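# Residue-level structure breakdown
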Amino acid sequence: IKTDGLTIFKQRMSGASRESVSLKSFFVIPLFAANRDEGVMLLASAREDAFAPEDRIMLNILADELALFRENEKIKKDLSEAKARLESMLESMSEGVVAIDNDQRIVIVNNAAKKLLGIKETHVHRPLWESVQEKNILDLLRELSGGKTPQMAKDVVLIKENEAVTLRFFAAQV
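The subject of this paragraph is the overall build of the chain. Across its full length, the chain holds five helices and six strands. Buried residues in the chain amount to 24% of all 174 residues. Put simply, of all contacts in the chain between residues at least 6 apart along the chain, 30% involve residues at least 24 apart.

This is the structure in structure tokens:
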């Protein structure tokens, strides 16, 4: 059962002594954002007719901003949780994953890719060519960034500890 803000306020104030609280004006504004009820904003005053029409306009604007702020905080929390799930999933993969932006800077790299390619955490947000010295990988990157091949799968031979290791690379523009 939903209770309006004024009723809740009166219930909370019922414990206070009559002498200490003498409220004569109330202004209750529902808070809505994205068609969802975000609560209420309640203002009270000891003066009668404390809230003039121009006050009500400003208070409605304030209530709208407060509701948007609350909605944005929920969105930030949801995004943070989704990011944590994605990071957990990437770190649990045995396949190496590296994402680069249009300027060929590393934006995402998981532990498997760090180990396979020798990428350090400090290389994130730096150009891939500063982090990866393997010519075959850089050639693959150039081929992909040329725009002629939106996605590809290619075997790339890397030399690791004086041994040739063949890795299958999947690359796609996003």
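Right, let's get into the confidence of the model for the chain. A low pLDDT means the predicted coordinates there should not be read in detail. Mean pLDDT over the chain: 81, with 83% of residues reaching 70 or higher. Across the chain, element-level confidence peaks in helix H2 (residues 53-92) with a mean pLDDT of 92 and bottoms out in helix H1 (residues 5-13) with 62.

What follows deals with the pairing of strand E5 (residues 151-160). As paired elements, E5 and strand E6 (residues 163-172) share ten bridges and run antiparallel to each other. Counterpart to Asp155 in the pairing with E6 is Arg168. From the end of E5 to the start of E6, which pair antiparallel, there are two residues, and Glu161 there has a positive phi angle of about 50 degrees.

On to a nonpolar patch on the surface, then. Among the surface-exposed residues, Leu86, Met89, Val107 and Ile108 lie close enough to one another that they form a single nonpolar patch of about 320 Å² accessible area. Listing elements by their share of the nonpolar patch, those giving two or more residues are H2 and strand E4 (106-109).

The next thing to look at is unusual backbone geometry. We note that Asp49 has phi near 50 degrees; this positive angle belongs to a residue other than glycine. The class for Asp49 is exposed, based on a relative accessible area of 74%. One non-glycine residue with positive phi stands out, namely His125, at about 75 degrees.

What counts and how
Residues numbered from 1 in each chain as written. Predicted model: local features only at pLDDT ≥ 70, side-chain atom pairs only at ≥ 80, totals over all residues. Heavy atoms only, no water. Helix = DSSP H or I, 4+ residues; strand = E, 2+ residues; numbered from the N terminus. Buried < 20%, exposed > 50% of the residue type's maximum accessible area, 1.4 Å probe, protein only. Contact = heavy atoms within 4.5 Å. pLDDT = per-residue confidence, 0-100. Pairing = 2+ DSSP bridges. Patch = residues over 30% accessible without salt bridge, like charges linked within 9 Å, V, L, I, M, F, W, Y side chains within 5 Å. Areas by Shrake-Rupley, 256 points an atom, 1.4 Å probe, with all protein chains shown as cover. Salt bridge = Lys/Arg side-chain N within 4 Å of Asp/Glu carboxyl O.

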